[in-house]
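Report on the structure
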Amino acid sequence: MKKNVTIVYSIKRSFVKSDISILEALDYNVFQIHSIPKKTVLSFVINRIKEKIKSIFYVSRSKIVISWFNDYHAFIPILFSKLFFKKSVIIVGGYDAIVDEQNHHGLFFKRGIRSIIARINYSLVSEIWVVHKSLENGCNYAKEKFNIISGVRSFFNNKRIVIKEINTGYDTKFWDYDKKNEKTGVLTAAFFSDQRVIKIKGLRIFNMLASLLPEVQFTIVGETKIQIDNFIDLNPNVQVVGVQTRTEMKQHYQNNKFYFQGSRLEGLPNSVCEAMLCGCVPIGSRVFGIPDIIGNTGILFDTEKDLVQIKEFIELDIGEKDSQRARNRVISKFDITRRTEKIKENLDLWK
């Protein structure tokens, strides 16, 4: 007989869908509590009512409750997990373990009811799973360079809480490297929905790099709700496209030779792993999980002062062997089977 599990999330991102597939493959019947983030008081109240009703029906029948990210959406299902004596987990991906004062970013940026509930959530769960170890104790480099406070233990000082690193995993068959495809250009991607994201993801540095390589095509993927050129005077060799489907994104990765991740904060960025699996040679900032992904297969940088070094790297004779090396690194460290095994191993402890 199948066991039941309840998964809670606010936005059904690719990593949420992936975990649902993993749980189903592990022979769990997956109940879903989806609370779309809304900003009106009425929609906020409706979300909480829906969570309560679904928690009564789903959590009571489940073995485990798993919440992707810590926030309002996690509170009621986790509370009901305690009432029904069920195990519970919060998966921490980045935003819920970071404070960036300069960009007013992070779950604990403001002291108020939201941060209080977040701390309560952490105190209630059986375990916390972080997608990268830097989200447990913090990234020292981000603290020194950008004064970014990070790590669950920086905001929740309970030594008894169990925190485990379970990296996200990637479908290495879907994200493939087509050696027949001629790769050119430099790509970066995110959901660029406001000015803060432009700053956090390092688009100004990306644009500055483009100015040093006027013959190379640079592409920004993920513009939504804003026009990036209203905030940055983009160079002529920089093109911007909107949010893409999974298949369209794969084509962008396969067409571009380099992938640029200039973030000042991250967890374990999906786009870097996906791009490397598609043969992109990575260029990344030295924060959080980015160095662990890239290793020695690309180039890491500190600030815009390193742009000349990056320019020289792009101009090197980089080819198929380098692309394959980048792909092989992600396969060896972040294949979806590794996450599946880790999740199974941890859930089996609660049998």
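Use the structure listed above.
Below: a short report on this structure. Along each chain, residue indices are assigned from 1 in the same order as the chain's sequence is written. Local features in a predicted model are, by the rule used here, given only for residues with pLDDT of at least 70; side-chain atom pairs are given and counted only at 80 or more, and totals for whole chains, interfaces and linings are based on all residues. The side-chain numbers reported here are obtained from all heavy atoms of the structure, hydrogens and water having been left aside.

So, the sheet that holds strand S13 (residues 281–285)
Strand pairing requires that DSSP identify at least two bridges connecting the strands. In this description a helix means any DSSP run of H or I spanning at least four residues, a strand means any run of E spanning at least two, and both kinds are numbered starting from the N terminus. With parallel pairing, 6 strands are arranged side by side in an open sheet as S11-S10-S9-S12-S13-S14. Of all strands in the sheet, those with a lone pairing partner are strand S11 (238–242) and strand S14 (299–301), marking the two edges. The average angle at which neighbouring strand axes cross in this sheet is 20 degrees, direction not considered. Sheet topology note: the S13/S14 ladder contains 3 bridges and is parallel. Residue pairing across strands places Ser285 opposite Phe301, the latter belonging to S14. Every residue pair with non-hydrogen atoms within 4.5 Å of one another is taken to be in contact. In this analysis an axis means a line fitted to C-alpha atoms, helices contributing only their contacting stretch, and an angle means the value between N-to-C directions, from 0 to 180 degrees. The strands that helix H9 (residues 203–212) touches are strand S9 (186–192), strand S10 (218–223), S11, strand S12 (258–261) and S14; relative to S10, the one it contacts most, it runs at about 155 degrees. Strands S9, S12 and S13 of the sheet are contacted by helix H11 (residues 270–277), whose axis makes an angle of about 170 degrees with S12.

With respect to the packing of aromatic side chains
In this description, a pair of aromatic rings is defined by centroid distance and the angle of the planes. Any two rings among Phe, Tyr and Trp, with Trp reduced to its six-membered ring, count as a pair given centres within 6.5 Å; such a pair is stacked if its planes are under 30 degrees apart, edge-to-face if over 60, and tilted if neither. Under the definition given, this model contains 16 aromatic pairs. On the numbers, 4.8 Å between centres and 90 degrees between planes, the contact of Phe174 with Trp175 is edge-to-face. For the pair Phe174 and Trp175, one class covers both residues: buried. By way of ring pairs, the aromatic residues Phe108, Tyr122, Phe155 and Phe156 are connected into one cluster. Positioned over the ring face of Tyr28 is Lys3, at 4.8 Å from the centre of the ring. A ring has a charge above it when a Lys NZ or an Arg CZ is no more than 6 Å from the ring centre and no more than 35 degrees off the ring normal. Stacked on the ring of Phe174, the Lys or Arg Arg246 has its end atom at 3.8 Å from the ring centre. With a 1.4 Å probe rolled over the protein chains alone, any residue whose accessible area is under 20% of its type maximum counts as buried; one over 50% counts as exposed, and the rest are partly exposed.

Quick look at a nonpolar patch on the surface
Patches here: salt-bridge-free residues with over 30% relative accessible area, like charges joined within 9 Å, nonpolar side chains (Val, Leu, Ile, Met, Phe, Trp, Tyr) joined within 5 Å. For accessible areas, the Shrake-Rupley method is used with a probe of radius 1.4 Å. Any residue's cover is judged against the shown protein chains and nothing else. What makes a salt bridge here is a side-chain nitrogen of Lys or Arg within 4 Å of a carboxyl oxygen of Asp or Glu, nothing more. A cluster of nonpolar side chains, contributed by Val41, Phe44, Val45, Ile49, Ile53, Ile56 and Phe57, occupies part of the molecular surface with about 630 Å² of accessible area. With respect to the helices, strands and loops of the structure, Phe57 is situated in helix H2 (residues 41–58).

Some details on empty space enclosed by the protein
The rule is simple: put a 1 Å grid over the protein atoms alone, call a set of points where a 1.4 Å probe fits but cannot get out a cavity, call an open set with protein on both sides within 12 Å along at least five of seven lines a pocket, and count a residue as lining if it has an atom within 4 Å of a point. Grid points are joined across faces, edges and corners, and a volume is the space filled by probe spheres set on the points. Inspection of every chain in the model, using the stated rule, returns 1 cavity of 30 Å³ or more. The calculated volume of the largest cavity comes to roughly 30 Å³. For the lining of the largest cavity, a count of residues per class yields 4 nonpolar, no polar and 1 charged. Basically, the charged four are Asp, Glu, Lys and Arg, the nonpolar ten are Ala, Val, Leu, Ile, Met, Phe, Trp, Tyr, Cys and Pro, and anything else, Gly included, counts as polar.

Points about the layout of surface pockets
Considered as a void within the structure, the second largest pocket measures approximately 320 Å³ in volume. Along its surface, the second largest pocket is lined by 18 residues, and Phe146, Lys199, Ile205, Arg264 and Glu304 are the ones closest to its centre. Elements with a minimum of two residues in the lining of the second largest pocket: helix H8 (195–200) and H9. When its residues are assigned to classes, the lining of the second largest pocket shows 6 nonpolar, 7 polar and 5 charged.

Some remarks on the environment of Ile166
Within the secondary structure, Ile166 is located in the loop between strand S8 (163–165) and S9. For Ile166, a relative accessible area of 2% translates into the label buried. Measuring from C-alpha to C-alpha, the distance between Ile166 and Ile91 comes to 8.8 Å, with 75 residues separating the pair along the chain. Apart from residues lying up to four places away in sequence, Ile166 is in contact with Trp129, Val130, Val131, Arg339, Lys342, Ile343 and Asn346.

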